[in-house]
Amino acid sequence: MRRGRERSFRRRPQRPRSLILPLPGEVRDIAGDGGLCANIGLWLDRYLHRNPPGDQKEWDITEGTKKREHILRMAERLEVKELVKAVNRRYSSLLKWYKQRGFEVRSFEAVPEWRFVVGLGAAHVLETGISLHRIFGIPIIPGSGLKGAARAYALRELAEKMGVPILSPAQAKGKQTPLKCFLEYLLEPDGSRRSEILSSLRKHQDLPEDARIKSLPPERVERETSAFRRIFGTRGWAGEVVFLDAVPVGGVRFSLDIMNPHYPNYYSSQGKGSPPADYESPRPVFFLTVEGTRYRFALAARRGEAGGLLPIAEGWLKGALQKLGVGAKTSANYGYWEVT
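Treat the numbers as computed from the prediction; the structure is a model and nothing was measured. (Residues numbered from 1 in each chain as written. Predicted model: local features only at pLDDT ≥ 70, side-chain atom pairs only at ≥ 80, totals over all residues. Heavy atoms only, no water.)

Student: Would you mind showing me how to read the nonpolar core here?
Tutor: Across soluble globular proteins, you tend to see nonpolar side chains buried next to one another. With 84 residues, the main nonpolar core has Ile141, Phe182, Ile213 and Phe297 as its most contacted residues. Considering every element that reaches this core, the biggest residue donor is helix H6 (residues 143-162), with 9 residues. Not counting residues up to four positions away in its chain, the partners in contact with Phe297 are Tyr91, Arg106, Ser107, Phe108, Ala110, Ile141, Leu146, Ala246, Leu321 and Trp337. (Core = buried A, V, L, I, M, F, W, Y, C linked by side-chain atoms within 4.5 Å. Buried < 20%, exposed > 50% of the residue type's maximum accessible area, 1.4 Å probe, protein only. Helix = DSSP H or I, 4+ residues; strand = E, 2+ residues; numbered from the N terminus. Contact = heavy atoms within 4.5 Å.)

What follows is the structure, given as structure tokens:
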């Protein structure tokens, strides 16, 4: 190569763009402005369109992006449906892998009664998030969340069975409730320490005199609550049942929803600023939900004694899906399921 000679580069012809990805030009070209990508997760987290050059708000995210218009269209694409099929093949292979290694597996399917959203409060540039598969970008329900929901339902079931009252937030404010004491008993791995907690619980002033947990022998209480500790684990001990992520079975159907706080300044100051007033303008916040999509749930446990826990864990999980709901906004009827 001759020294001093300037190397010339041919620039790619620039085509006008109505929607611009905030990425290096070379990356945008390779991705075809994102058109070659069928991963919903990338579109939602990385491929956020901004206004075109020359626009007064050039670097602002477009209104269409805020309303997830492209995501709603993408869910109907054949490529996304193929991704869902690929995830189901991997899911079936995973269950087979568990069985080959001495695990018993139980699975079932369920459909949301209306809508659900998991991961709504996750940090996101669009203010609201949703839990998506890290590789395939389709909406999933993490196994950790399902385990937590099943544990909450199991706690309520056992508390009702033992006669432990569930106090209202106003009644429970600022004190150790019987339910909290009961949960401490369930999570304690040391037997002698559990006996002390049980003794203290039986003397609790808010525990009814006719509560079943008062009259049962300690050994009986141990037997009837041991499944909780074994399934979900205790402090320092892992649970014996594995809660797998739930994945969609067929196509994915998204639905856009909206939260519309009428007093944004009051809420953003946590009540310390100006009081709520009619001169404030509503600030709509859009978020994605999933509806009309069948999901597959699965649990696994070692064969033998641990395998006997599977029917109990499955019953608690189904109860949580049907009666407590999973995900955000369950008080607004999101997250309840019809188990098939």
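Having seen the model, we can carry on.
Student: Quick question: what am I supposed to make of empty space enclosed by the protein here?
Tutor: A water-sized probe, rolled over the atoms, reveals where empty space remains. By the definition in use, this model includes 1 cavity of 30 Å³ or more. Reported here for the largest cavity is a volume of approximately 30 Å³. Taken together, Leu44, Arg68, Thr128, Gly129, Ile130 and Leu288 make up the full set of residues lining the largest cavity. (1 Å grid on protein atoms, 1.4 Å probe; cavity = no way out; pocket = protein on both sides within 12 Å on 5 of 7 lines; lining within 4 Å. Points joined across faces, edges and corners; volume = space filled by probe spheres on them.)

Student: Even after reading the chapter, I still don't get helix H8 (residues 178-187), so can you show me in this structure?
Tutor: Quick reminder: α-helices carry 3.6 residues per turn. Residues three or four places apart thus point the same way. Within H8, 7 of the 10 residues are buried, leaving the element largely enclosed by the surrounding structure. For H8, the complete set of buried residues consists of Pro178, Leu179, Cys181, Phe182, Tyr185, Leu186 and Leu187. Those residues of H8 that are buried lie in contact with H6, helix H9 (191-202), helix H10 (212-215) and helix H11 (218-232).

Student: How should the packing of H11 against helix H13 (residues 310-324) be read in this particular structure?
Tutor: Each pair of packed helices gets described by two things: the angle between the helix axes and the distance between those axes. Contact geometry of H11 with H13 gives a least axis separation of 10 Å together with a crossing angle of 85 degrees. With respect to H13, the axis of H11 lies roughly perpendicular. Between H11, through Ala227, Phe228, Ile231 and Phe232, and H13, the contact on the second element is made entirely by Ile312, Ala313 and Trp316. (Axes fitted to C-alpha atoms, helices over the stretch in contact; angles between N-to-C directions. Parallel < 35°, antiparallel > 145°, perpendicular 65-115°, else oblique.)

Student: Before we go on, may I ask you to explain the pattern of salt bridges in this structure?
Tutor: If charged atoms from side chains of opposite charge come close, those side chains can pair. Overall, the coordinates contain 18 salt bridges when judged by the stated rule. The shortest N-O distance in the salt bridge between Glu222 and Arg229 comes to 3.8 Å. Here the residues in one salt-bridge network are Arg115, Arg253, Asp257 and Glu291, joined through shared partners. (Salt bridge = Lys/Arg side-chain N within 4 Å of Asp/Glu carboxyl O.)

Student: Got a minute to help me understand the sheet that holds strand S5 (residues 254-259) in this structure?
Tutor: Whether parallel or antiparallel, the strands of a sheet pair through hydrogen bonds between backbone atoms. Spatial ordering of the open sheet is given by S2-S6-S5, a layout of 3 strands whose pairing is antiparallel. The sheet is open, and its two edges are formed by strand S2 (115-116) and S5, each paired on a single side. (Pairing = 2+ DSSP bridges.)

Student: So what exactly am I meant to see when it comes to the pairing of strand S7 (residues 295-302) here?
Tutor: Strand residues, when the strand is regular, have side chains that alternate between the two faces of the sheet. Most of S7 is tucked away: 7 of the 8 residues are buried. The sheet contact formed by strand S1 (residues 103-112) and S7 spans 8 bridges and is antiparallel. Looking at the pairing, Ser107 lines up with Ala298 of S7. Across 3 bridges, the pairing between strand S3 (residues 241-243) and S7 is antiparallel. Counted as the bridge partner of Val241 is Ala301 from S7. In this structure, strand S4 (residues 247-248) lies alongside S7, joined through 2 bridges in antiparallel fashion. Residue pairing in the sheet places Pro248 in a bridge with Tyr295 of S7.

Student: Which parts of the structure should I look at to understand the side chain of Asp257?
Tutor: Topologically, Asp257 is positioned in strand S5. For Asp257, a relative accessible area of 13% corresponds to the buried category. Of the polar contacts made by the side chain of Asp257, one reaches the side chain of Arg115; its length is 2.7 Å. (Polar contact = N/O pair within 3.5 Å; in protein donor to acceptor, adjacent residues only side chain to side chain.)

Coordinates in, geometry out; function isn't part of it.
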